[in-house]
Structure formats: structure tokens, C-alpha cells
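# Descriptive structure summary
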Amino acid sequence: MTYSAFGVHPGRSTGVLADVWGRSAVRDVLLPLGAAAAVGLAAQIAIPVPGSPVPITGQTFAVLLAGATLGAARGAAGMLIYVVAGVLGVPWFAAGASGWPGATAGYLVGFVLAAALSGQLAGLGADRRPSHTIGLMAAGNALIYLVGVPCLAFSTGIDLTAAVSAGLVPYLIGDVLKTLFAAALLPAAWLLVHRRSDANDRY
């Protein structure tokens, strides 16, 4: 899959939403911290899935949105903060859990990678149109599962087919809904930015 499949072109960076009003060292610290807290908050929306140690949460949406709005480096940094702080005892994993996550460790590693990927694609303009945003979200979700599902199989001793049934299939409908929401939200945010910029230019 190439960048052009997402409607972007290598080497032609267009920036991310967090940089619309400029950058500073303070913001580059605060934004990843805020992203980590947002994912921790989204993790408290946790619905148990029978037969699976992986609950349905709002985490993946928050992770990919953080990456898309902050960019690759700050998005990944925010997710790394989230993972490390949770392992060290901050109770902001799913349903207030903390410590080594065991069966869900692979998904958390996937969060860091997916935030970097979605941030890279957004920085190249893939969050400007709904169809391209769908591709961005699909790629990010796929990367989370690509890491999370095999780690689930390894940590629980089940085979890969069972891990797919327990750690991927139950979440697909929710992922589609989150993707559609993001496909409306991110391009709409850019549209507002452009309108505000045009209005300022007229004055």
C-alpha cells in the first residue's frame, strides 16, 4: 500500500491540526501528556467481551485521533507515556487497571506504533478528506491488531485462529463506527481552520 492510496504524497508535508497555531517547546511537552490522559480516560469506557481478556473500549479511537492531530513524534510519545505510566502503576488502563498488562500488552505496543503511523499520514494530508481519513484509521487499526493479536495468542497459549476470534472479530463493528466518526470529525476540523484562515485574510 502506498501513500497515494491515502491521498497523500511523500515529501509534501502539510502539517497536523496541533500545529495550525504554531509550535513551542512547552506545547510539545503538554500535548503528549494530554494525549496520554485522553487515552486513559477513554479506557474507562470498558465493556467486557465474553471469552476474551480484551474489553471493548474507546482507546483505539483516542489513540488514532491523538496521532492524527499531534503528528507522528508527539502522538507516539503520548502513547509511550500512557503505556509506561500504566505499567508503573497509574490506574488508567481499561477499567482502571494498572501494572503489566499480560494478554493485552501487544495492543498497547500497537498503540505507540499506530499513533506514529496515523500521525505520519495526517502530516502528509490524509486527514483532510473523509475517504482518506477512512484509510488512515483503517491502517492504524490494522497495525494495532497486527501486533496485538499474535501477542494475545502467545500470552494465553491459544492458537492464532482463536486469538483472531477473541481479539479481533468482536471489535470490528465498533472500529467501523469509530472510523466513520473520525472521517467526519477530522475533515470538518480542517474545514473550520480553513474558513477561519480565509476570514482572517479578508481582514
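Residues numbered from 1 in each chain as written. Predicted model: local features only at pLDDT ≥ 70, side-chain atom pairs only at ≥ 80, totals over all residues. Heavy atoms only, no water.

### Considering the overall build of the protein chain
To keep it simple, the criterion reads: By the criteria applied, helices consist of DSSP H or I runs no shorter than four residues and strands consist of E runs no shorter than two, each listed in order from the N terminus. A 1.4 Å probe rolled over the protein chains alone gives each residue an accessible area, and that area as a share of the maximum for its type sets the label: buried under 20%, exposed over 50%, partly exposed in between. Between two residues, a contact is recorded if the distance between any of their heavy atoms is within 4.5 Å. Exposure was quantified through the Shrake-Rupley algorithm and a 1.4 Å probe, taking into account, for residues, occlusion by the shown protein chains and nothing else.
Along the protein chain, the regular secondary structure elements total seven helices and zero strands. Walking the protein chain from its N terminus toward its C terminus, one meets helices and strands in the order α-α-α-α-α-α-α. Looking at the protein chain as a whole, 45% of its 203 residues are labelled buried. Relative to all contacts within the protein chain whose residues are 6 or more apart in sequence, the contacts with residues 24 or more apart total 73%. Of the roughly 10100 Å² that the protein chain leaves accessible, carbon and sulfur atoms contribute 71%.

### Overview of the side chain of Ser52
Rules: The definition of a polar contact used here is a pair of N or O atoms within 3.5 Å, where within protein one atom must be able to donate a hydrogen and the other to accept one, and adjacent residues in sequence count solely through side-chain atom pairs.
You can see Ser52 is positioned in the loop between helix 1 (25–42) and helix 2 (59–70). Under the relative-accessibility criterion, Ser52 is labelled buried at 14%. A distance of 3.1 Å separates a polar side-chain atom of Ser52 from the backbone nitrogen of Val54. Side chain to side chain, Ser52 and Tyr171 meet in a polar contact 3.0 Å long. Residues in contact with Ser52, not counting those within four places in the same chain, are Ala166 and Tyr171.

### Focus: a nonpolar patch on the surface
Test applied: Only residues whose relative accessible area exceeds 30% and that take part in no salt bridge are eligible for patches, with like-charged residues grouped when within 9 Å of each other and nonpolar side chains (Val, Leu, Ile, Met, Phe, Trp, Tyr) grouped when within 5 Å. Note on definitions: salt bridges are taken to be side-chain nitrogens of Lys or Arg within 4 Å of carboxyl oxygens of Asp or Glu.
Residues Val26, Val29, Leu30, Leu33 and Ile81 make up a contiguous nonpolar surface patch of roughly 430 Å² in combined accessible area. For the nonpolar patch, the element with the highest residue contribution is helix 1, accounting for four residues. Of note, Val29 is situated in helix 1.

### Overview of the confidence of the model for the protein chain
In plain terms, the rule: Confidence of the predictor in every single residue is expressed as pLDDT, which spans 0 to 100.
Here the protein chain shows a mean pLDDT of 90. Residues at 70 or above account for 90%. Note that residues 1–13 has pLDDT below 50 and, in this model, 22 contacts with residues that lie over four places away or in other chains.

### Quick notes on the pattern of salt bridges
Taken as a whole and judged by the stated rule, the model has five salt bridges. Residue Asp28 is joined to Arg23 by a salt bridge in which the shortest nitrogen-to-oxygen separation is 3.0 Å. For Asp28, a relative accessible area of 26% translates into the label partly exposed.

### Points about helix 3 (residues 72–88)
Put simply, the test is: To estimate the expected span of a helix, subtract one from its residue number and multiply by 1.5 Å.
The end-to-end C-alpha distance of helix 3 is 24 Å, a good match for the 24 Å that 17 residues give at a rise of 1.5 Å each. For helix 3, every residue scored as buried is listed here: Arg74, Gly75, Ala76, Gly78, Met79, Tyr82, Val83, Ala85 and Gly86. The inward-facing, buried residues of helix 3 contact helix 1, helix 2 and helix 4 (105–123). Just downstream of helix 3 lies Gly89, where phi reads positive at about 130°.

### Overview of the packing of helix 4 against helix 5 (residues 130–156)
Going by this rule: Lines fitted to the C-alpha atoms define the axes, with helices restricted to the stretch that makes contact. Angles between their N-to-C directions range from 0 to 180 degrees. Under this scheme an angle from 65 to 115 degrees is roughly perpendicular, one under 35 degrees roughly parallel, and one over 145 degrees roughly antiparallel; angles in between are oblique. Helix crossings get a hand from a simple test, with the near helix turned counterclockwise from the far one by less than a right angle marking a left-handed crossing and a clockwise turn marking a right-handed one. Put simply, Ala, Val, Leu, Ile, Met, Phe, Trp, Tyr, Cys and Pro go in the nonpolar bin, Asp, Glu, Lys and Arg in the charged bin, and everything else, Gly too, in the polar bin.
Contact geometry of helix 4 with helix 5 gives a least axis separation of 8 Å together with a crossing angle of 160°. Judged by the inter-axis angle, helix 4 sits roughly antiparallel to helix 5. With respect to the hand of their crossing, helix 4 and helix 5 are arranged in right-handed fashion. Only Leu136, Ala139, Gly140, Leu143, Ile144, Tyr145, Val147, Gly148, Val149, Cys151 and Leu152 of helix 5 make contact with helix 4, whose side of the interface consists of Gly106, Tyr107, Val109, Gly110, Phe111, Leu113, Ala114, Leu117, Ser118, Leu121 and Ala122. Partitioning the contact of helix 4 with helix 5 into residue classes produces 17 nonpolar, five polar and no charged.

### Some remarks on unusual backbone geometry
One non-glycine residue, Ala95, adopts positive backbone phi at about 60°. By the element assignment, Ala95 lies in the loop between helix 3 and helix 4.

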